[in-house]
Amino acid sequence: MYKMTLNNVIAIEGLFSGYSFREKIDPNPNGSVGVLQMKDIQTDYSNFDYQSLDKVNEFQFKEKFFLNKGDIVFVSKGVNNYAIVIELVNFPIIASATFFIIRVNEKIIIPEYLAWYMNQKEAQNYFSEKKAGTYIPNLNKQDIMDLPLKVPPLKKQNAIAKTAMLLNKEIAILEKLKTNRKELIQTQLINLINND
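All figures in this text were calculated on a predicted structure; none of them were measured in a lab. (Residues numbered from 1 in each chain as written. Predicted model: local features only at pLDDT ≥ 70, side-chain atom pairs only at ≥ 80, totals over all residues. Heavy atoms only, no water.)

## Side note on the pairing of strand β5 (residues 72-75)
- The side-chain alternation of β5 yields two buried faces, one formed by Ile72 and Phe74 and the other by Val73 and Val75.
- Relative to strand β6 (residues 83-85), β5 is paired through 3 bridges, and the arrangement is antiparallel. Note that in β6 the partner of Ile72 across the bridge is Val85.
- Taken together, the 4 bridges between β5 and strand β8 (residues 99-104) define a ladder with antiparallel strand orientation. (Buried < 20%, exposed > 50% of the residue type's maximum accessible area, 1.4 Å probe, protein only. Helix = DSSP H or I, 4+ residues; strand = E, 2+ residues; numbered from the N terminus. Pairing = 2+ DSSP bridges.)

## Topic: the packing of helix α1 (residues 111-118) against helix α4 (residues 154-194)
- At a minimum axis separation of 8 Å, α1 and α4 run at an interaxial angle of 65°. With respect to the hand of their crossing, α1 and α4 are arranged in left-handed fashion. Contact with α1, carried on its side by Glu112, Tyr113 and Trp116, involves Gln157, Ile160, Ala161 and Ala164 of α4 and no other residues of that element.
- Across the contact of α1 with α4, the residue classes tally to 5 nonpolar, 1 polar and 1 charged. (Axes fitted to C-alpha atoms, helices over the stretch in contact; angles between N-to-C directions. Left-handed = near helix turned anticlockwise from the far one by under 90°. Contact = heavy atoms within 4.5 Å. Nonpolar A, V, L, I, M, F, W, Y, C, P; charged D, E, K, R; others polar.)

## A closer look at the packing of aromatic side chains
- Enumeration according to the criterion identifies 10 aromatic pairs in this entry.
- Measuring from centroid to centroid gives 5.4 Å for Tyr19 and Phe65, while their planes differ by 90°, and the two rings are edge-to-face. Within this pair, whereas Tyr19 is found in the loop between β2 (12-17) and β3 (33-36), its partner Phe65 is found in the loop between β4 (54-56) and β5, the two being separated by 46 residues in sequence.
- With centroids separated by 6.0 Å and ring planes inclined at 85°, the aromatic side chains of Phe61 and Phe66 adopt a geometry described as edge-to-face.
- The exposure class of Phe66 is buried, given its relative accessible area of 12%.
- Among the aromatic side chains, those forming a connected cluster through ring pairs are Phe16, Tyr19, Phe21, Phe61, Phe65 and Phe66.
- In this structure, Lys55 is placed above the aromatic ring of Phe91, and the distance from its NZ or CZ to the ring centre is 4.6 Å.
- Its end group placed over the ring of Phe16, Lys64 keeps NZ or CZ at 4.8 Å from the ring centre. (Phe/Tyr/Trp six-rings, centres within 6.5 Å; stacked < 30°, edge-to-face > 60°. Lys NZ or Arg CZ within 6 Å of the ring centre and 35° of its normal.)

## Looking at the side chain of Ser96
- Within the secondary structure, Ser96 sits in the loop between β7 (93-95) and β8.
- Among the residues examined, Ser96 registers a relative accessible area of 9% and is labelled buried.
- Excluding residues within four positions of it along the chain, Ser96 makes contact with Gly18, Tyr19, Leu36 and Gln37.

See below:
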């Protein structure tokens, strides 16, 4: 296992800010390009709803701004700085400037592992320190490049990433069960009142 900074890992093929719109995004239901914004991130920061993205007409976006399967989008602004791997892209999507896009060489590091690592307490503490004292919490490119990084062999990265994905699925199922149980009991209690 190596301990280095993201900057020293030749696995990073690209790290750049999302697209900066000059004006407020004007959604068009018939638009051809989806725009990933902070409001689209799920509350557990594990993913986002592709189908609910605002769409815009296609500007002259540079090719690099279009998200691909395996890209990592990293929330660079605000209090919560989380990394999410793009899993499926059925239509063109770009990320807003709230995000950094990270592209990796998967022969060295897999995106699911890197995103998982960036979301762990050690990395999150590092990001918090980098934001300390700033008026508007914000991370810059160098902050991300200087992240101390542990890079195990690919087989171990895969095992960690798969286990983390299964854990997230289990947590989501348990949360859904908890919500359903609460709604069921609340309904039963209301029925008790109404049946008197």
